[in-house]
Amino acid sequence: MDNEPLMSPKWHIPSVEEVAFANELLNLHFQSALDDLLRICITKVHPDPGDEKEHLRVTLLRVDSSLQGILSCLPDFKPSFKNGRVEDPDHHSFFIAGSSGSTVGTTEQREKAAEILHTTCRYLLEKKSEESILFILIIRILDALGNYGSLEYDEWSNHRHAWKLESAAIIEPPVNFIVSSHSKGKRRPRWALIDKAYMHSTWRASQSSYHLFRTNGNILPSDHVSLLMDDLLTLSLHSYETVRVVAGKSLLKMMKRWPSMISKCILTLTDNLRDPNSPEYAVLGSCSLLATQSILKHLTMDLKAFSSFLIGILASSHHDTLKVQKAINELFVKFNIYFAGVSRGIFRASDNNSDGPDFADLMTQIGSMSFDTTGLHWRYNLMANRVLLLLALASRSYPTSFPLILSETAGHFLRNLRSQLPQTRILAISALNTLLKESPYKMSAEKPSALLQESQGDIKSSLEGALAQIFQEEGFFSETLNSLSHVHIITDSETSSSRGNHVNSFQSVADKSITRFYFEFSAWWPRTPSWISLLGSDTFYSNFARIFKRLTQECGTPVLLALKNTLEEFAHAKERSKQCVAAEALAGVLHSDVNGLLEEWDTWMMAQLQNIILSPSVESIPEWAACIRYAVTGKGKYGTRIPMLRQRIMDSLVAPLPQRVTTTVVAKRYAFLSAALIEFSPPRMPISEVLLHFRLLEELLTNMNHPSAQVREAIGLNLSVLSSNIRLYESTVANHSLEEETNNLYSRLKAQSWAQLLVERASELALRIQTASHSDSLETSTAMGLENGFLDSSSQDDIKQMETIFHFIISSLKSGRSSVLLDVLVGLLYPVISLQETSNKELSTLAKAAFELLKWRIFWEPHLQRVVSVVLSSANDSNWRTRSATLTYLRTFMYRHTFILSYVERREIWKTVEKLLIDNQVEVREHAAGVLAGLMKGGDEELAGNFRDRVYKEAQIIHKKRKQRNTSSSQSVASTHGSVLALAASVLSVPYDMPSWLPAHVTLLAQFVGEASPIRSTVTKAVAEFRRTHADMWSVQKDLFTEEQLEVLADTSSSSSYFA
């Protein structure tokens, strides 16, 4: 093989004789088949329809087979030119190397075939419209004639797909057939390379002239190509879906090659949408073609086609079948997805062409359709409004008419806020939030109020005139708020959040696909997590509030004056939905920061907010809390800039309430305060806000024993927010250079001992409650008539204050801010552990809730040492329930802290738990054994190994003494039970494995089964658990036991019998 010359592939170049022979074959098969086809259609040689159908099918197959054989060797059609000159397309700048080859036949033959196929197609549509097989064949022939190179491309595409599926199954030999030598690695065989090269040449042939006419706008398709496209367009609207799909694919390929023909097709297709007499299948075929990406991209470059497309969709509501309406809706949604604006050429053509369609006229026509709520179906009204919004945004590239278009569109959508159609109102909200961008009346740090007032005469919003004329109409805001209130669907199980997701409440999927586009583009509000359960679930929609905010910034104080009376009316309405929309409007106005807002605040807004606070209604508290939260939230990209009215709003909330108010009003005030305080940015708080925090902190610490449980919960919540804000501010001030005033404040902060006061008070309360609870258990007869079993009002005050502290702990741990309050939480750890079980059920429930959150909290140095100290002291508490709760805490604490505790700390915890094995209370002893089993699983092998060896030796000694009947009185039941529990903990620490020490341990444990209860029950349960966890591998693991050990285990596991 090495002596043979290297054989490389050679391509056959046909000779003149071979080309002549191919021409003879073409005339024999192709030309004769075309003549037969024309004769069948004209002379009708077959009186029997079945014979005619069969003859047509065979003849079409002959034509198709001839084209499959000749491929792209048959010359393409000759294009025409706009300027009338005749050019040679073969000498075009676009050229693919290796794509040219020999030609067979002439262009005239392709043209003749196109004419005959056109005649055949018309004949079939007239006489054989139900024969889908014939239509599929003729579509294949039309595709081969019109799409030059498509047959090669289909062959290449199919081969490529097959190669992907089969190439993995090719097992290549270790011999390289290309290079005449052996190869260690696998190489592709020679046939595979030749196959790849052939398919690449096939692809080149398919692309040889496909792109020639796309790059030159002066070249037009020939008349024969137009005939073929007309036939394919007609077939793409056929009554059979299969025919429509196949014809549509071929038509799209032809349109991609000849983009100048797309506009003509669009006009034909949109006429079918507008025509009320169009059959269902024609509309479905039109929608299928119009939804293609090629047509949707071309729309934005041709104003006539674009206008026809939009008007065709919006004027198609007369089609009443469900299938057609679904197709039109999907077409419109697809248009929304792919629409990215219109080209500048459309605006230039609109300015230069006085006879053709005008962009402004199109906007006017669509605007009139979007106002038609009686003659137009509501979904088409929604589509018209959506198109109007898209065109208004796209007209930014049309500087001469953009201001006018923008003002008219904004005014249109402002009117739509009071529309009777809910979906139209939602889209209007979305549109206004997008269109209202100018803020000439908005005050900023860079533009003082005086300078702003001077510049207002010169700088005005381009929308102000049109918008002011609308909202100053009599009753406009009253109708608008009433309409918007209908969007708020209030249910008993309301779970919506303040995120603007109100479209989920009543919209279908089809409606959402039209209205949803602009809802998610703006930053979500609120900026801080919504973890306050006290506020409940609200239906406050920030998108609604943003409308009133931007409208006020666009038009200034006239909006405030127009809103005043309507807000007062809706704020005191009985319907919650009206109060919701009033809260949104007030929130937007308060957050607008426009010039003149301070004067309006003093005139009526402050009194309005105070009336809301003092109102006895409770249903709308979540919405008004969200209103205040929105009003005080930070401004700017990162929410760090303080709104203008924040200090005044906080002053109104901090102001003391009248003497005689209900607890509902007190709880409402605290709910409003918490909603406002969580929106503060502590690192950037001014000194006035820090002082306000301390004023509130002093008030809260004083009112911790409020008689209302609802108010106590609100106080605990506010305590957590205030204290975390203060701590975050302290950490920021401590890490930066201080000004003199800030330095004095920081010194005062350090001097404040609110944290120490809270911890000391909690410790005292816990001791007093435990003492009172113990005395209550001793005097049950006297306690029966008193609330919760306590003897005096001071004990009741202690419980109330402790409940407030527990609410503080729960809120702090849920807030995500507990990292700055770790020292306080450590100080409150003992009260939480010690009050798990008291005679007051509400207090115990709160203590358990705080315990469940606190036990998963990770503590770092220096707080970790204090936690260990608290845990060790709690484990030695005189109350056995406290000791048991400490063991419960230790389970999770050790799991979370094993790898950050020092060896000394871990050893102390082990010793403490070991001591509890001999506790006087059985429950504590058993609990300690479970904790020790978990500790031994934790990976501390040294401590675990020492413990196992020690308890095994002790258990052996006890067992020997018992066996010798040497039961002295010094060996108590608790001591023996503790040793057995320690041994059981060792056994249960390896539930599925079988280490070498385990057989001896479990056998020794089983030998204590003869002891009295509770030792016997401990042994029985431990051995049963051992058998359960090792059942899967027992057939293998039992080989590690001796016969004697297996007998002991069998005796322990077998149940005792009366007849034994």
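Each chain has its residues counted from 1, following the order in which its sequence is written. Where local features are concerned, this predicted model is filtered to residues with pLDDT of at least 70; where side-chain atom pairs are given and counted, the filter is 80 or more; whole-chain, interface and lining totals use all residues. As a rule here, side-chain values come from all non-hydrogen atoms in the structure, and water together with hydrogens is ignored.

**Points about the nonpolar core**
- To define a nonpolar core, start from buried Ala, Val, Leu, Ile, Met, Phe, Trp, Tyr and Cys residues and group those joined through side-chain atoms within 4.5 Å. Three exposure classes are used, based on accessible area relative to the maximum for each residue type with a 1.4 Å probe and protein chains only: buried under 20%, partly exposed in between, and exposed over 50%. Of all hydrophobic cores here, the largest spans 268 residues; its most connected members are L67, I366, I649, I809 and F893.
- Among the elements that make up this core, the one with the highest residue count is helix α16 (residues 378-394) (eleven residues).
- Contact criterion: two residues are considered in contact whenever any of their non-hydrogen atoms come within 4.5 Å of each other. In this structure, I366 is in contact with L310, I311, L314, A384, V387, L388 and L391, ignoring residues within four places of it in sequence.
- In terms of nonpolar packing, the next biggest core, distinct from the first, is built from 23 residues, A955, V980, V1002 and F1041 among them. In DSSP terms, a helix is any run of H or I states spanning at least four residues, a strand is any run of E spanning at least two, and both are numbered starting from the N terminus.

**Thoughts on the side chain of H412**
- Mapped onto the elements, H412 comes out in helix α17 (residues 402-416).
- Residue classification places H412 among the buried residues on the basis of a relative accessible area of 4%.
- The definition of a polar contact used here is a pair of N or O atoms within 3.5 Å, where within protein one atom must be able to donate a hydrogen and the other to accept one, and adjacent residues in sequence count solely through side-chain atom pairs. Side chain to side chain, H412 and N385 meet in a polar contact 2.7 Å long.
- Once residues within four sequence positions are removed from consideration, H412 is found in contact with G367, S370, F371, N385 and L388.

**What to know about helix α4 (residues 132-146)**
- Multiplying 1.5 Å by the helix residue count minus one yields the expected span of that helix. Taking 1.5 Å of rise per residue, the 15 residues of α4 would be expected to cover 21 Å, and the 21 Å separating its terminal C-alpha atoms lies within 8% of that figure.
- The buried fraction of α4 is high, at eleven of 15 residues.
- In this structure, the buried residues of α4 make contact with α2 (49-70), α3 (107-127), α5 (150-166), α7 (223-235) and α8 (241-257).

**Side note on the pattern of salt bridges**
- Each salt bridge in this description consists of a side-chain nitrogen of Lys or Arg and a carboxyl oxygen of Asp or Glu lying within 4 Å of one another. Here the structure, examined in full by the defined rule, presents 28 salt bridges.
- With a closest N to O distance of 3.3 Å, R418 and E479 form a salt bridge. Here R418, found in the loop between α17 and α18 (422-435), pairs with E479, found in helix α21 (residues 476-485); they are 61 residues apart in sequence, far enough to count as distant.
- Between R712 and E803 there is a salt bridge, and its shortest N-O distance comes to 2.7 Å. Of the two residues, R712 sits in helix α31 (residues 709-734) while E803 sits in helix α35 (residues 793-815), which places them 91 residues apart along the sequence. An identical accessibility class is assigned to R712 and E803; each is buried.
- Several salt bridges share partner residues, and in doing so they unite D36, R39 and R62 into one network.

**Description of the packing of aromatic side chains**
- The criterion for an aromatic pair is that two Phe, Tyr or Trp rings (for Trp, the six-membered ring) have centres within 6.5 Å, with stacked assigned to planes under 30 degrees apart, edge-to-face to planes over 60 apart and tilted to the rest. Counted according to the given criterion, the structure contains 17 aromatic pairs.
- Consider the rings of F335 and F339, whose centres lie 5.2 Å apart with planes at 45 degrees: the pair is tilted. Each of the two residues, F335 as well as F339, counts as buried.
- Here the aromatic rings of Y889 and F893 are separated by 5.6 Å at their centres, their planes lie at 25 degrees, and the arrangement is stacked. One end of the pair, Y889, and the other, F893, are both in helix α40 (residues 880-897), four residues apart, so they sit about a helical turn from each other.

**Quick notes on α2**
- Between its first and last C-alpha atoms α2 spans 32 Å; for 22 residues at 1.5 Å apiece the expected length is 32 Å, and the two agree.
- What α2 keeps buried is the set E52, L56, T59, L60, V63, D64, S66, L67 and I70. Projected down its long axis, α2 shows its buried positions confined to an angular sector of 155 degrees, all on one face.
- Buried residues in α2 make contact with α1 (16-43), α3, α4 and α5.
- L71 sits one or two residues past α2 and shows a positive phi near 55 degrees. Along the arc lie the directions from the helix axis toward the C-beta atoms.

**Digging into the confidence of the model for the chain**
- When pLDDT is averaged along the chain, the result is 82; 82% of the residues meet or exceed 70.
- The predictor attaches a confidence to each residue, called pLDDT, with possible values from 0 through 100. Confidence over residues 91-99 falls short of pLDDT 50; this stretch has 15 contacts with residues more than four positions distant or in other chains.
- This model gives residues 781-791 a pLDDT under 50, and the stretch forms 19 contacts once residues within four places in sequence are excluded.

**Here we look at a negative patch on the surface**
- Nonpolar side chains (Val, Leu, Ile, Met, Phe, Trp, Tyr) are joined into patches within 5 Å and like charges within 9 Å, using only residues with over 30% relative accessible area and no salt bridge. Where accessible areas are quoted, they stem from the Shrake-Rupley method and a 1.4 Å probe; at the residue level, only the protein chains shown are allowed to cover. His residues and chain termini do not enter the charge count, which takes Lys and Arg as positive and Asp and Glu as negative. Where a charge sits is defined by one atom per residue type, namely NZ (Lys), CZ (Arg), CG (Asp) or CD (Glu). Where like charges cluster on the molecular surface, the negative patch consists of E1043, E1044, E1047 and D1051.
- Position of E1047 among the secondary structure elements: in helix α48 (residues 1043-1053).

**Describing the packing of helix α44 (residues 973-988) against helix α46 (residues 1015-1029)**
- The convention used is that axes are lines fitted to C-alpha atoms, helices contributing only their stretch in contact, and that angles between N-to-C directions extend from 0 to 180 degrees. One way to put it is that α44 packs onto α46 with a least axis distance of 10 Å and a crossing angle of 5 degrees. The angle between α44 and α46 falls in the class roughly parallel. Mapping the contact onto sequence places V973, T976, H977, V980, L981, A984, V987 and L988 in α44 and I1015, T1018, V1019, A1022, E1025 and F1026 in α46.
- Taken together, the residues that form the contact of α44 with α46 break down as ten nonpolar, three polar and one charged. Each angle is binned into one of four classes, with values under 35 degrees roughly parallel, values over 145 roughly antiparallel, values of 65 to 115 roughly perpendicular, and all other values oblique. Classes in brief: Ala, Val, Leu, Ile, Met, Phe, Trp, Tyr, Cys and Pro nonpolar; Asp, Glu, Lys and Arg charged; the others, Gly included, polar.

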